[in-house]
Every structure is written in structure tokens, then in C-alpha cells.
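As a plain string of letters, each chain reads:
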Amino acid sequence: LRSLLSSNRTVVLDLITCESLSPLLSDLVVTVLTGCQDCDRGARLAFAECFGEIGAVDPGKLSKLSRQTPCKATLVKDSVRSAEFAVQLITELIHAFLAAKDTRAQDCCSFALQETLIAYECSPHKSQSAQGLKIWSSFPDHYRELLEPHLDSNYKRTKEETRNVAHVPIYCSRLGKSYATWLCCWLDLLISQIENDTRKMFESCSVVCKHFVHVAAFLLPYLVTEVILQGQDEHRNKISDEMIAVIMHAQKHDDTSPSKAEFRHRAAQSVLSLHSSITQISIHKQTQYWVAEDQVARQVPGIANADLSTLKRQCDLLMAFLAGVPKDALAVAAFHCKAYSHSVLLFEDHFRENPAHIQDHLEILQKLYADMEEPDGLDGLSAVRSVALTISDQILELEMKGKLRDALACYSVAIQEEPLSLKNHKGLVRAFLGLGENFVALRHLDGVLVDKPQWNKELNKLQVEACWQLGEWDTLETCLMLEPKESPEWSVGVGQLLAAAKNRNTIDFEKHLRVVREHTANRLSAVSSDPLSYTRGYEYVIQLHVLQELEDACQSLILKPASSDTETAVKHLVQLWSKRLDITQGSFRVREPILRLRRTLLSLIPNLAVKYQLGEYWLTSTKIARKAGYLQSAFNCLLNASSYQAPEHWLEKAKCQWKQGETKQALVTLQDSLGKELSSMRESDGKPSVHARAMLLVGQWMEETALCDTNTILKQYKDLVKEHGDWESSHFFLAKYYDRLRTALEGTEPGKDLECLPLVIRHYGDSLRHGSHYIYQSMPRLLSVWMDFGAEVVKSSSGVSSSKRLAMKASNPQAQLQKMNTIMEELINHLAPYQFFTCFPQIVSRICHQNESVFAIIKTLVSKLIVSYRQQALWMMVAVSKSSYDTRRYRCQDIFRAALVLDTSLSKPMSDLTVLASRLLEVCTREAKTTRLDMNSDFRQLVKLVTEHDFSSIIIPDQVAMTVTLPASPGARPEHFPFPYALPCIVGFDPTVEVLTSMAKPKKIVIRGSDGKGYTMICKPKDDLRKDCRLMEFNSLVNRCLYRDVESRRRGLHIRTYTVVPLNEQCGLLQWVNDTVALRTALMKLYSEKKKHIGGKELRAAWRLIEKNPVSKDVRHQVMGGLIEKHKPPLLHEWFLRTFPDPASWYESRVAYARTVAVMSIVGYILGLGDRHTENILLDSTCGDVVHVDFDCLFNKGETFNHPERVPFRLTQNMVDAMGFTGCEGLFRKACEVTLRVLRDQRDPLLSVLKTLIHDPLVEWEKGKSDLWSAQRIHKRSSKSEQTEVVNETGVKKVNDVEKRLQGLMEHNKGLPLSIEGQVHYLIQEATDYNNLCFMYMGWAPFL
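Everything numeric here is computed off the predicted structure, so don't read it as measured data.

Colleague: So, the packing of aromatic side chains: which residues are in play, and what are the values?
Modeller: Centre distance and the angle of the planes are the two values used to describe a pair of aromatic rings. Going through the model one piece at a time under the given rule, you end up with 28 aromatic pairs. Here the aromatic rings of tyrosine 179 and tryptophan 182 are separated by 6.0 Å at their centres, their planes lie at 45 degrees, and the arrangement is tilted. Remark: tryptophan 182 and tyrosine 179 occur in helix 10 (residues 179-193); sequence separation between them is three residues, near one turn of the helix. For tryptophan 182, a relative accessible area of 0% puts it in the buried group. The interplanar angle of 5 degrees and the centroid separation of 4.2 Å between the aromatic rings of phenylalanine 732 and tyrosine 774 together place this pair among those described as stacked. Within this pair, whereas phenylalanine 732 is found in helix 37 (residues 728-748), its partner tyrosine 774 is found in the loop between helix 38 (757-769) and helix 39 (775-796), the two being separated by 42 residues in sequence. For tyrosine 774, a relative accessible area of 15% translates into the label buried. A network of ring pairs unites the aromatic residues Phe837, Phe840, Tyr869, Phe977, Phe979 and Tyr981 as a single cluster. A cation over an aromatic ring shows up here: arginine 443 above the ring of phenylalanine 439, its NZ or CZ 4.8 Å from the ring centre. Seen from the ring of phenylalanine 1335, arginine 1206 lies directly overhead, with NZ or CZ sitting 4.2 Å from the centre.

Below, the structure is given as C-alpha cells:
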């Protein structure tokens, strides 16, 4: 695998940097991560080398793919007498048997297999028990072949020396000095305490545990559970004492050797896993008890009171045991073991029982979130903090924010207060190193060691790091002599590698490389127990990434003698490194260590070519630090870059000045550099040159600061286009400025703005000729400007007088439109079809355009797109072809005929898809009196159609098939195909059609694909799905915008989308979202178990009280407030605990929940999305994402209900409860702010999607408007106006309201727009306001 990855590095890197990451790469990363858990050291090391070859892929990219695969966390809930446990145990023993390296170990495994098969009567013979046969049938053939000899074997256990393990705790005693001996001795003690028939089977397995620790770890939770449920307090207390001894020792750092530290770490991990397992068993037993209790109450046969009493006793025993182990101590131990997710879970559980304890643990919580690199969590802690920050807290906060210069000042104060604190001196040195002041760090260490020579061992590691960064090789050699040859410390290991490389000692280099890589693989193995923990182990993945680059540089350049090929090798290496850096997480904390080591490596190469690259790497560090807001670090990197005279030095200097608020000085610096240093920098190997980027920046800053007049700014952009006309950005920003100028002239000098229109179109089009980076801004705006102006030209000639239209007449609008039409015709011929297809719905929405010349071009464009992407285009137009609005239908048919002229082979697919849509409409509209229909008998013609031998290959319209992907490389790329090849086509249907219980009676069908898979769809009647379809397009565009934003991508912000295919104005197809549960269903189950469920009768009675006094605030507070109180405490957090039993998957799902709630809350508020009751919000049981459905209530329609909605989005007590002990603060609030910022930045392309609805005459915009609109439409059928598109004035107003919300203007608070933070704060207050919730409709369930 490593050889394959090595020989295809460029291909792999290109696939990773592609906009939509291939699932193959996701599987590869998950497989390699799983391989790092292998018991064999050699296998672990090999997988670690593979990780180095792949590189440290940004977790933000992989998060999307991990969501597609349900977490398979092991839930220890099966009884040891169950078949499921037997299968797991035998599988573990088989793995041990195959891994045995000597006959003694293999014989022990054989004995255990023999006894286990006997205990469970496992055999292929039917004469044995049914359970035994079931167990045997569960194994694959090659396992059965291995097991068969053990059915008749006759192994006997020899007498062995028994150990006296009566003393508890065993941990760190004479019998528990290593992890293996401690665990085996504890198992022996537990087995001796078992008093039932399972003891013999466990005793047979104990002989294997001495050879294979993983078998002991597997058995531990089952043994502990058996002992606890026996009910003897003495035995239960011994288990508690053992666990407490381990977790208390885990909080200490007094180990003198790495082996002891590893023992402490592994023992603590085992205890934490054990506690997690017992907790899950307790939850499982409680659920069983509540179900059984309900069945007894309903007198269900087969459930006896004795069974209920047994379950009750088991629940009490497990709860009593868990209460005896302090959760806060467990949480602290988990933190010290770097089991951060587990620590958060335990702290949260502890705080639910003891809310006042949050303030006591703020310091360690701050360290916890800092180590997790979760600044949003730190913000949440700051919000709930009620005590003053200590100096240590301030330092930690400053370091997380990158304010290392301020942290240095705090360290100085701390050292003055505690001069003998080693911790403060180490922190001070790390701050110096972080700022790049390595020389100062080294001198400080020298001074400290003169006064405190006893600290030499602790501080030597920092000295090593400072030496290799400075290139002080003699001092480095001296420091390394004090370290062990195989040091487990990362910085020391890197120092040893660099020293060996400097001395050209190949043997030492390879030896140290293996040692460091092995230590890193072990650490990755310890923290990455499942695919979802990739983020948790990302620190070590980065180290493997760095080791690979170090190996490449040394083997190809440093360890080889200089030659004429050195410069070529350097160039090749730098190109590879550039791609590898692009795949990593774009944060300063991740990329700076990589760049730091690269600079050190290049300094070891005796070649002049590396000096230029050293300057480039210093500038890259400057750029990353500046973007992260670490301005002090950026300034230090900039000073280092200046000595290498890199061409971008002045550009970065100006950007840093701008970031610091020195706007005028930044502009002066850039203008001066353009005339001097950058004047000759016009070529850059196909990339935008430094000169081009500087010119663009000058124009943008002139515009932003308003320091220059319009003509000066316009000249700057024109000069940029003149000198760099082949750059996409030059044309885009010129077009954008012309567009802005046109809008300004439109208000001040009507008529003169028309001169700008062809220029806007021209330069937006030219930007698209040279690339697709701004396609979602350029293309929608280009089309809107052109089509809107065409409509205005028609209106201006209609005789309706207005100052604007009179001015248009005087400016010869027809001539301007002709110019624009000519430009559009050129673009249609020169741009790639996929570029137009990104806006296909927007184009199709205007097919009833009033201007014949504009429609002619639209017709040509749409017909060409149908020919290019026939499958996707025809699915998108099927609803238009069946429109009840005659003009839309006729023009659609006209376009189809034009497409057939271009490609006659379209005739059959077009016909088949039209008939298929008609048959699917029959499924939608069929009245059903039962819950199931039969596809073969009830919809015979549909089945017959798709099974005909000459039926066309029609793709299944799922999300993958309908989503446009852009090329990964820059440029227009006309050859790019925007959809996956070999998409699955419809070949049939499953026979069962399920009729859902909702009012419209939608049908759930399963389409069979040509790939053999089933694709579930909903055929929904009596609902206009065009708004849902547009909203999915809007959400998809939001996802693209979120993904392109660094802060958003780092947080994995996204909206869950699904395919919506309207078939006409009242029916359509919806893609079924698998593995989801409605919020109401999840909550009702939890409240029912806790006997807190309020029935419909009580709710109706409460609502009748409200209806008698609908406007009475007191009645609302009494009734609705009472319901809210009855549903306390909220329980949604328990759904996450039960659904995601593994702490890592629990934390990932909880984070995903908070952030998807935040994103959809902001997007829903912007769109005026209402009716967010508990049936319209789904929870994904594979990843915790929130999925919203039913988007009929858009554009503040909820405010027109009989009981108007008062909240901007759903943020009730249960929604907040699942976000953790910081509630709305931290993760949720920050995700809201980032989302709102991205939406504001991308306002124009987002609005262009919504504006397509304005031109659709049948979209219902307000409650009660549909009948009126229908009457108006019927009246118009006899008039000439039917031949033109109708602009819905209500729709225009609603879209304008959306635009105002994007600007920060609040409907109920007149005044200046709010900032992003202010708007988010206002919305959260409104959503959680008690008065607002009390006035919500009962069916909305504000009490849940």
C-alpha cells in the first residue's frame, strides 16, 4: 500500500484537493486509522508510514464522509449467556489463535475455544441446541474450518501456580507492576468471585489472557457486570476501590520512565472504558425495566412481576455501583489520558447532578478545550464563568487566541509571583518559540539553568527544539547527549534525526526515524480507537506527515552528495510540499510546525536555490498567522522574510498593516512597492503574479476606504485588466465595481447607468472564461442583470410613464440590449456548458420572458444545456413541461423541439421521461385506504414502462446525480464533466408501496438502480414542492459557501440537503432521508419512560383555556408556562447517550448537532422559515446531524397564521439541553455568527436563487393567496398578458425582506443595522424568550 501511495502521490493529492472528496479516500483514511490499532508492532509501523504518504488531510474534509458511515461503536449490553456474546468471544479467541507466535499460546487458545464451544453447545449438528446452531451459523466458512477440530479435541488444563490476589487494590502492588499482570490478576480475582455456571467458561479463557491482553480487555466489563449483579457489597466495593486507585494515580505525573507512564495511561483507559460500558449496561437495563413495567401495566401476556422485580434489582445494583465512583475524578483522569471526549461526557454528567460544581472545575475545563483546540468551547466557558480569571487562565486564553506577546507579559508577572515555578518558565520559553524568537528562548534557558541546574532534565527538551530551529548544531549535539538514544519525546526525536542528517549518518538517521515513527504510531493508536476519532488523533497524523517530508528531503537531497541535479530535485520537492500543505487544516497551529521544519531542512541543503524558498516559507507563515489573527507572530515571521528579499514581502507587510487597522499606511506601502520592488514581478508560472495581486488589492482598498474618487478607482481596475487580462479576478472585480457604479448612477442620474450594463456583462463573462472560482457570484449576477434589463426595456416601451423609464427611452435602451445580447451569444459559444448549468433553475424560471430577443437566446442556451446534460436537465424541466400555465408549457415544448434539432437522439429519452413522470404522478395522486399498496398490481403501467426492453436509461434523481461539481484545477476547463460517470439508472421498483400516515398520504417507494441498490423516494401529493426545490438549491449554495470559508470548514458547518424533484405544481418526488428519527418521537419515548408524558386530552384542555382568553398574557403564562415546567428537566441529552454509546462518537454527534442546529437556525431565520414543530425536525442517528423537512412555510408565512409565530427559530429547552452544560454559548453561538457572516458575504448569489420564485406565477407566497392568484390566472388566460412572464409583487417584497435581514435590519426594531454578533444575540434572546414561547401554538410544542 505504501509503495502504491508513493508512486501515485500527485494523483492522491489532486483527489484530496478536489472540491468533492472521493469516498474512496475516506475509506482509505479510515482503513489506515483502523490499522494503527493493530496488535503487531510491525503492522502498526507500516500503517503509520502509509499515513505519512497520504498526508494530514484536513478533518473538515473527512467529516462529511464520516457522516456517511454509521458509527459502529461497541455497546456492551448482551448477557454472557446470549448468542451475541458467544459469537464475539469466539471471534476474539480465533484472532488470538491466529496471532499466536508459540505453541504454548496456541494451545491455550485451543483449550479456551474447546471449552467455550462446549459451554454454548455450539455445533453444526441440528441435534444440538438451537442457540448453538445459531452461533455456528454466524461464522464465515474459514472460521468454521478452524473451529471444527475443536469440537472433538481433548485439551486439559495443567495445574498452575495460583496467585494470591486477595489484596485490593492490585494496581501498583507487587502483583500489578505492569499493565498485563495487573489486568490478568484483576480478572483472576473477578472470576474467583463468580458464583454461577459461567465461571468455568471464564476460567478457560483466563489462560489466554496471559498471552493476549486484548482478550482480557474484552472480558473485563462482562466479568465486572456479572460480579455486580450477584449483589454482594464486598465484591462491588473491591471493584470500586480498584477503579478509584487507577483514576487517582492517573492524575499524577511522578513517573520516572516512559514504561510507567504507558502503564498508567493504559490502565486508566481500561477503567474509563469499563465505566462507560457499565453505564451503557445500566441505561439498557433501565430501558428494559420501563418497557416491562409498561407491559405489566397493560397486562401483556408473558411478562411476570418476578421478571419486573429482577430487572428493578439489577438497575438498583448498577446505579449504586456507578454512584460509588466519582464522575469528576474520572473526568480529570480522562483528561490526563487525552481521552478528551470521554472527559467532556463525564464532566457534563457530573454537572447535571451538581450544577454548582461548574465553577470549581473551570480551570481544568479550560485546559481540556485548549488541548482539544476548540476555541468555541473556551468562549462558552467564558460566558458561564462567574469567578475572576486567574493569571493561569488568562495565559491559556491568550495562547489560544495567538496573543503570545501578551502571554509573555502574563508569564513575566507569574514568574515574579512564583520565581521557583518550573511550569511558568517552560511556558515562557514556549511562547518565545511560538513567536519565532528562538535565540531569546535559548538565552533565557541558559540563564535559568545557571540558577537552577536541577531543572536541566526538564528544560533540555526545549533547548533541543530551540537549537534545531536556530541551526545551532554544536549546542544541539551537546543537549542530545543528555537524552536517551530512543527518546519518546517528539522534539528530541526530531532533533536526533536532524543531527544525523547534518552529519550525513544514514544508519543513525534510519534508526531514529523508525523509533520516532513507532512512538508516534503508538500515541495515535492510544487516542484513535474508532474512525470518528481522526480529529482527536490529528496531532499525531501531522507528526507522521512531517516525518515523511523529513525522510523525503534527507533521502533525496541532504544525505546525498551535491550534484548538478540538486536544483531540479529541490524544485520537485518544493512543488510536492506545496500540494501536501494544501491538504492540511488551514490553521496556524497545524501549518506552522510543518513550515518550521521545512525551513530547517532547506537550510541543510548547500544550494542557492533554497534561499528564495526559505523566504517564501517565512512569508507563508506570515500569511497563515495574519489570517488566524496572530498578528504578533505574523510580524516576527515578516521580519525574518525581509532578510531573504522575497517579492511578496511588501504585499504581506501591507496586509499586516491593514489587519492592524493602519489602512492608509497599508495603501501607501502597497502603492510604493508597485512602483519599485514589484514592478518587474509580472510572471508567476501560471498563477496570479505578485504584481497582479498587489494591483487588485490597491483597487479593493481604494474602494473600501473611499480615499479616492470613482475615476481613480475605475482606472486602477482597468489598468489591472490591461496588464493581467488572463486572470479571472481582474475581470470579476472590475465587473463588480461597474455593477456597483451602475446602481449608484441609477439613483442619481437615471439613464446614464445603462452605459455600464454591457461592461458589467462583458467582464463577468470574461472572468468566467478564465476560471470558475467566482462562478456562483459571476454567473447568477450576469444572468440577472441581462434578463432584468431585457424586461425593463419591454416595460419602458409599454407607455407606462416613470422617471426611470423616460430616462431609459432617452438613452436608447434597445441599442444597449442589443450589445448585451451579442455578448451573451458570444459567451454561450465560448463558455463551458457546466458553467451555465450551475444556474439552470434561474435560467428556466425566465422562459416566459417578455422580450422576444432575450427569449430567443434563453431558448438557444437551454436547448444546448439539455443536449449537454440531458438526464439532469430533463428531470429539472419535467414540472415546467406539465405546468398549468399555458405559456410556460408551450415555451418548454418549444425548447424541447429546439433541443431535438440539435440532437435527434434525445427523442426517445425525452418521451420516456415524460411518460415516466406521468406514471409517477399517478402514484402520487392515487387514493389509498390501506397502509400498503402493491406496485405490480396497483401501478402496473409504471412497472411495465420501466421493464420494457427499449426503455431509455433514465438516471435516478438522487443528490449525487443532480449536483454540479466544479473542476479542481484553476481555469475554465471546457472539457470538464460536472457529474459522476456511470450513474445508476432506473430498472424497476420494489413491490411494496408504503402509504405514510400524514394528512396528504404520501407514498414511499423504492426505486431499483442498475447498480443493484435500492433508492427510497417519497411520492408526495397536494403540496407545491417548487419552494422546497428552490430551498434545497439555496441550501446547496450555502453549503458551497460554508465549505469555501476557512472558519466554517474548520467547524464542519453544513446543512443536510436531499433531492426534491417537482413533477408539477402539486406533486413531486422527495429523497428519503435514512436513519433519522423525528424530534417528537425521540422526546415522547424519553418522557413516557420517565412517566412525564402529557397526553393529548390534557393538551387539548389546556388549549381550550387559552382560546377562551387568546390575548391574555397571564393565562398564557399560567397554561403554557405550566406545561414547560412539567417537562423539566429536559431529556434530549439522553437520546444522544443512548444512540452514541462510545464517548468519541457521542462528542462528535453532539458537536454536529449543535452546529447543524445553528446553521439551519440562521438560514431559516433569513428565509423566514416557520412551522418548525417537532415533526419537521429530524435527528440523524448515525452522526447527530439535524435534518429539517417540509419547507412550505417560507418567507415569514408563519406570522400570518391564526396564532402568529413569534420566535425566529426553534430553541426550546430540549434543543438547548442537548448542547451541553454551556447551552447556547460557545459552539452554537459561534456557529451562528460564522454562518451569518458567510451569508452576508455571499448575499448576491444567494438572493439570485430566491429571485427565481418571483417569476413563477403559481408559487404561493402568503396564506390565503392561492385562491385569489388562481382566479387572476384564469382571468388572464383570455388576455395577451398570458404570453409574458408575470412578476409577483408580493414575491419581490418578500425577497427584499430577506435582503434586509441579511443586512442586519430587524423587522420589529427600526434603526441602524445590527452587527453580526448583535444580530445573533438578538435572535437567541427572541428564540428563548419566555413570553414569546408562551404565545406559540400548542401544536408547535414550545414546552418540549
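Colleague: Lay out helix 51 (residues 1026-1044) with the relevant residues and their values.
Modeller: For helix 51, which comprises 19 residues, the first-to-last C-alpha distance of 27 Å matches the rise-based estimate of 27 Å (1.5 Å per residue) to within 8%. The buried count for helix 51 comes to 16 of 19 residues, which makes it a mostly enclosed element.

Colleague: Describe in detail the pairing of strand 3 (residues 992-995), supporting the description with residues and values.
Modeller: Here strand 3 shows a buried face lined by Val993 and Val995 and an unburied face lined by Thr992 and Glu994. Taken together, the three bridges between strand 1 (residues 932-934) and strand 3 define a ladder with antiparallel strand orientation. Its bridge partner being in strand 3, leucine 933 is matched across the sheet by valine 993. In terms of strand pairing, strand 3 meets strand 4 (residues 1003-1009) through two bridges, oriented antiparallel. Counted as the bridge partner of valine 995 is lysine 1003 from strand 4.

Colleague: A description of the packing of helix 38 against helix 39 should follow, citing residues and the corresponding values.
Modeller: In the contact formed by helix 38 and helix 39, the axes pass within 9 Å of each other and the chain directions differ by 150 degrees. Put simply, helix 38 runs roughly antiparallel to helix 39. In this structure, helix 38 meets helix 39 at a crossing whose hand is left-handed. Packed against helix 38, whose contacting residues are Leu757, Val760, Ile761, Tyr764, Gly765, Ser767 and Leu768, the element helix 39 presents Ile775, Ser778, Met779, Arg781, Leu782, Val785, Trp786 and Phe789 at the interface. A breakdown of the residues in the contact of helix 38 with helix 39 according to their chemical character gives 11 nonpolar, three polar and one charged.

Colleague: Give a description of the environment of isoleucine 843 that names residues and reports values.
Modeller: Along the chain, isoleucine 843 turns up in helix 43 (residues 840-844). Considering only alpha carbons, one finds isoleucine 843 and methionine 787, 56 residues apart in sequence, at a separation of 9.1 Å. When residues no more than four places from it in sequence are discounted, the contact partners of isoleucine 843 are Leu783, Phe836, Ile858, Leu861, Val862 and Leu865.

Colleague: Go over the sheet that holds strand 9 (residues 1177-1180) with me, naming the residues and quoting the values.
Modeller: Read from one edge to the other, the open sheet built from three strands follows the order 8-9-10, with strand pairing classed as antiparallel. Edge strands, defined here as strands with exactly one partner in the open sheet, are strand 8 (1076-1078) and strand 10 (1186-1188). Each adjacent strand pair in this sheet contributes to an overall mean axis angle of 35 degrees, direction not counted. Taken together, the three bridges between strand 8 and strand 9 define a ladder with antiparallel strand orientation. Bridging from a neighbouring strand, valine 1077 pairs with leucine 1179 of strand 9. Contacts from helix 53 (residues 1079-1089) reach strand 8 and strand 9 within the one sheet, and its direction differs from that of strand 8 by about 70 degrees.

How each quantity is defined
- Residues numbered from 1 in each chain as written.
- Predicted model: local features only at pLDDT ≥ 70, side-chain atom pairs only at ≥ 80, totals over all residues.
- Heavy atoms only, no water.
- Phe/Tyr/Trp six-rings, centres within 6.5 Å; stacked < 30°, edge-to-face > 60°.
- Helix = DSSP H or I, 4+ residues; strand = E, 2+ residues; numbered from the N terminus.
- Buried < 20%, exposed > 50% of the residue type's maximum accessible area, 1.4 Å probe, protein only.
- Lys NZ or Arg CZ within 6 Å of the ring centre and 35° of its normal.
- Expected span 1.5 Å × (residues − 1).
- Pairing = 2+ DSSP bridges.
- Axes fitted to C-alpha atoms, helices over the stretch in contact; angles between N-to-C directions.
- Parallel < 35°, antiparallel > 145°, perpendicular 65-115°, else oblique.
- Left-handed = near helix turned anticlockwise from the far one by under 90°.
- Contact = heavy atoms within 4.5 Å.
- Nonpolar A, V, L, I, M, F, W, Y, C, P; charged D, E, K, R; others polar.

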